[in-house]
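# Architecture at a glance
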Amino acid sequence: MVYDYLIIGSGIVGSLLGRELVRYQNRVLMIEKGVDIGMGTSAANSAIIHAGYDPVPGTLKAMLNVRGNALWDHLAAELFIPFRRTGSYVVALSREEISKLEELNKQGKANGVPGLRLLSAEETKERIPGISEEAKGSLFAPTAGIIDPFQANFFACENAVLNGMELQLETAFEDFLWEKNSIVGVKTTKGIFRARWVINAAGIHADEIMHKAGLHSDYRIIPRRGQYVVLDRNLFQWDKVVFPCPNEKGKGILVATTMHGNTLVGPTSEEVSDKRALFTTEEGLRQAIEGGKRLVPGWDTRWIIAQYAGIRATLFPTKDFLIEVGEVPGFINICGIDSPGYASAPAIAEYIIQKLREKGETFIPKYDFNPIREPRRLFKHLSVEEKKQRIQREPAYGHIVCRCEEITEGDLLAEIRGPIPARTYDALKRRTWLGTGRCQGSFDFPRVIEILARENGTTPYEVTKKGGVSRFVFSPTRGHYDL
Ligand SMILES: Cc1cc2nc3c(=O)[nH]c(=O)nc-3n(C[C@H](O)[C@H](O)[C@H](O)COP(=O)(O)OP(=O)(O)OC[C@H]3O[C@@H](n4cnc5c(N)ncnc54)[C@H](O)[C@@H]3O)c2cc1C
């Protein structure tokens, strides 16, 4: 069997491209080394659909950010992705920073960002109650928005799968298959797969794969970690997206609301030597907290309920996205997709289809492609009458498993038995928002472990948080679980 397209990586870039490719009569295979889709950078970022004033004019980043931003409304409507155009503010905290706002405004206009406006100190304070008293003015970008990054990635991938994309989890790319000077497939940990086109959408590992294809041996991704804290939505309500003025290290530490009503504070910007350094540090969290308080002082560190880190895939020396179609025959290279990669992802998919057409590829529409992903509504979002009916039909909806987020056993079973079955705790968490409240899962862990073991036909000892060795239960303490 020869696939038309084989995608390496199931992040937002691979998933949206996969969905575009199955609109047409293509055989598409996605391979993902993780135990679930979307466990890479697409699951650890600021979740902002940036407006597009930040990238340098003339770069791919500038073009694809502005275009991608515009595509999100339609995409979110088709896939029922939680997405809200909140607008964003870059706030100057000193007179000197006002010139930076003017520069960003000019840059944004050159990039074609609609509706940018410079605001005075008074207007800034009036529009953002709680902003630092030091605020001297701001740049308002009305087209910026926020998204649920877990659901957007998952819904895009699930829609692609329901439209015929094959998905192989726990399948890591190892090398290319070559015939003469063309790439004709891949060797993976699960065997060989042949394809007319192999697509590198491997996030922070994309440079290693690009080098194996013989491209740009002098370019490399230097991993840059960003650390965050998350505030309890019951203790602090914040409905804005506020950045400080950017510096040479990046966009700076923001204070932003999320689609779930929590507040994010971060990210830091630290070069790290190891792409696996996905952990928070005391120093990083201190920087995130200090940066956040400089911008929005009125919150307390006791309101922090979670912390996390993500790694940016910044490509050196260009610092731009690198997208190449057919530079090596049979190979599509998507490398250096750091921020604003999430915002740009729909435009990256569109751009690649356009480049393939220019290469002479034909795209015959598939008559039964269904762009709509019907939502599986969580029990908590049903009316009282609907809840009664649901419990009557499926009693598992009557068992609350996660009290903070009101997630029922029925909600979990729907995901465990869904088109991309959730097989780990984190897979359920990303799909339902389980375990993200004040108690951070301490109430639901034992219940979820039992449900996953029962449904997967394993012992509780084999249930993992995110695959590999991330087990919850190692040995009996009070003889609860019989082996
Ligand atoms: C701190 C931080 C903040 C950010 N904030 C924003 C923001 O607010 N807005 C925005 O637009 N962007 C933001 N970004 C950038 C954005 O998150 C990324 O650009 C985007 O998620 C990249 O998606 P991706 O699909 O390219 O990569 P990923 O999501 O990392 O997906 C790559 C996939 O490839 C898989 N893979 C890797 N190697 C192999 C292999 N050998 N075999 C098989 N599979 C493999 C991985 O497991 C992973 O699932 C931020 C990034 C960071 C780190």
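Given the structure is predicted, the values throughout are model-derived calculations rather than measurements.

The subject of this paragraph is the overall build of the protein. Summing up its helical and strand segments, the protein has 12 helices and 22 strands in all. Based on the C-alpha atoms only, the size of the protein along its principal axes is roughly 65 × 60 × 45 Å. Counting every position in the protein, which comprises 483 residues, the buried fraction comes to 48%. The contacts of the protein with a sequence gap of at least 6 include a subset with a gap of at least 24, amounting to 71%.

Taken together, the neighbourhood of the ligand is formed by 39 residues, with Gly11, Gly40, Gly203, Gly226 and Gly341 sitting nearest. Contributing elements (two or more residues each) for the shell around the ligand: helix H1 (12-21), strand S18 (304-316) and helix H8 (341-358). Taken together, the residues of the shell around the ligand break down into 18 nonpolar, 17 polar and four charged.

Okay, the domain arrangement of the protein next. Domain boundaries assigned for the protein yield domain 1 (1-85 + 146-219 + 317-375) and domain 2 (379-462). Centre-to-centre, using C-alpha coordinates, domain 1 lies 30 Å away from domain 2. Taken together, the contact pairs 12 residues of domain 1 with seven residues of domain 2. Here the side of domain 1 that touches domain 2 takes six residues from helix H5 (residues 149-162), the largest share from any one element. Across the side of domain 1 that touches domain 2, the residue classes tally to nine nonpolar, one polar and two charged.

The omega torsion across Gly266 and Pro267 is -5°, close enough to zero to call that bond cis. Along the chain, Pro267 turns up in the loop between strand S16 (263-266) and strand S17 (270-271). Although it is not a glycine, Ala47 sits at a positive phi angle of roughly 60°. Given 25 C-beta atoms within a 10 Å radius, Ala47 is considered buried.

Covered by surrounding structure in strand S2 (residues 28-31) are Val28 and Met30 together with Leu29 and Ile31, the residues of both alternating faces. Pairing analysis gives three bridges linking S2 to strand S9 (residues 166-168), with the strands arranged parallel. Directly across from Ile31, in S9, lies its bridge partner Gln168.

Here we come to the nonpolar core. Within the largest apolar cluster, 120 residues are counted, with the highest numbers of intra-cluster contacts made by Leu6, Leu17, Ile199, Val242, Ile334 and Ile348. The contact partners of Ile199, leaving out residues within four places of it in the chain, are Tyr5, Leu6, Ile7, Ile8, Leu17, Ile332 and Ile334. Formed by 16 residues, the second largest nonpolar core is a distinct cluster that contains Cys402, Ala422, Leu452 and Val463.

Here we take up the sheet that holds strand S8 (residues 145-147). In space, the three strands of this open sheet follow the order S3-S8-S4, with antiparallel pairing throughout. One side of each edge strand has no neighbouring strand; the edge strands of this open sheet are strand S3 (48-49) and strand S4 (83-84). Bridge analysis of S3 against S8 gives two bridges, and the strand direction is antiparallel. Paired with Ile49 across the two strands is Gly145, which belongs to S8.

For H8, spanning 18 residues, the distance from its first C-alpha to its last is 24 Å, which sits close to the expected 26 Å at 1.5 Å a residue. At Ala347, H8 shows its largest bend, some 35°. Among the residues making up H8, those that are buried are Gly341, Tyr342, Ala343, Ser344, Ala345, Pro346, Ala347, Ile348, Ala349, Tyr351 and Ile352. Its buried side turned inward, H8 meets H1, S3, helix H2 (60-79), H5, strand S19 (322-325) and strand S20 (331-335).

We now examine the packing of H1 against H8. H8 packs onto H1 with a crossing angle of 35° between their chain directions and a minimal axis gap of 9 Å. Regarding H1 and H8, the two cross each other, and that crossing is right-handed. Listed contacts from H8 to Ile12, Val13, Leu16, Leu17 and Glu20 of H1 are Gly341, Tyr342, Ala345, Pro346, Ile348, Ala349, Ile352 and Ile353. For the contact of H1 with H8, the class distribution of residues is 11 nonpolar, one polar and one charged.

Quick look at H5 now. The first and last C-alpha atoms of H5 sit 20 Å apart over 14 residues, in line with the 20 Å expected at 1.5 Å per residue. Extensive coverage of H5 is indicated by the burial of 13 of its 14 residues. Remark: Gly164 follows H5 within two positions and exhibits a positive phi of approximately 110°.

Side chains Ile323 and Val325 project from S19 onto a buried face, and the interleaved Leu322 and Glu324 project onto a face without burial. Strand direction decides the pairing type here: S19 and S20, joined by four bridges, are antiparallel. Residue pairing in the sheet places Glu324 in a bridge with Asn333 of S20. Counting the residues in the hairpin turn of S19 and S20 gives five residues, including Gly326, whose phi is positive at 80°.

Here we take up the packing of helix H10 (residues 409-416) against helix H11 (residues 425-432). Look at H10 against H11: their axes get within 10 Å of each other, and the N-to-C directions meet at 110°. Put simply, H10 runs roughly perpendicular to H11. Where H10 approaches H11, its residues Asp411, Leu412 and Glu415 are matched on the opposing element by Leu428, Arg431 and Thr432. Of the residues contributing to the contact of H10 with H11, the split by class is two nonpolar, one polar and three charged.

What follows covers the environment of Arg417. Relative to the helices and strands, Arg417 is located in the loop between H10 and H11. In this structure Arg417 comes out as exposed when scored by C-beta crowding, with 10 C-beta atoms within 10 Å.

Analysis parameters
Position numbers for residues start from 1 in each chain and track the written sequence from start to end. Given that the model is predicted, a residue must reach a pLDDT of at least 70 before its local features are reported, and side-chain atom pairs must reach 80 or more before they are shown or counted; all residues, however, enter totals for whole chains, interfaces and linings. Going along the chain from the N terminus, every DSSP run of H or I of four or more residues is numbered as a helix, and every run of E of two or more is numbered as a strand. Think of it as a crowd count around each C-beta: if 20 or more other C-beta atoms lie within 10 Å the residue is buried, if 12 or fewer it is exposed, and in between it is partly exposed, with C-beta placed from the backbone throughout. Any two residues are considered in contact once their C-beta atoms, placed from the backbone, lie within 7 Å. Put plainly, near means the residue's C-beta atom, positioned from the backbone, lies within 6 Å of the molecule or strand in question. Only Asp, Glu, Lys and Arg are considered charged in this grouping, and only Ala, Val, Leu, Ile, Met, Phe, Trp, Tyr, Cys and Pro are considered nonpolar; every other residue, Gly among them, is considered polar. As annotated, the domain borders come from an automatic or database domain assignment. A pair of strands is considered paired only if DSSP assigns at least 2 bridges between the two. Remark: nonpolar core denotes a set of buried Ala, Val, Leu, Ile, Met, Phe, Trp, Tyr and Cys residues whose joining runs through C-beta atoms within 7 Å. An expected span of 1.5 Å times one less than the residue number is assigned to each helix. Bend, in this description, refers to the angle at a residue between axes fitted to the seven residues ending there and the seven starting there. Interaxial angles span 0 to 180 degrees and are taken between N-to-C directions of axes, which are lines fitted to C-alpha atoms, for helices over the stretch in contact. Note on convention: near helix rotated counterclockwise from far helix by under a right angle means a left-handed crossing. Clockwise means right-handed. Angles are sorted into four bins: roughly parallel if under 35 degrees, roughly antiparallel if over 145, roughly perpendicular if 65 to 115, and oblique for all others.

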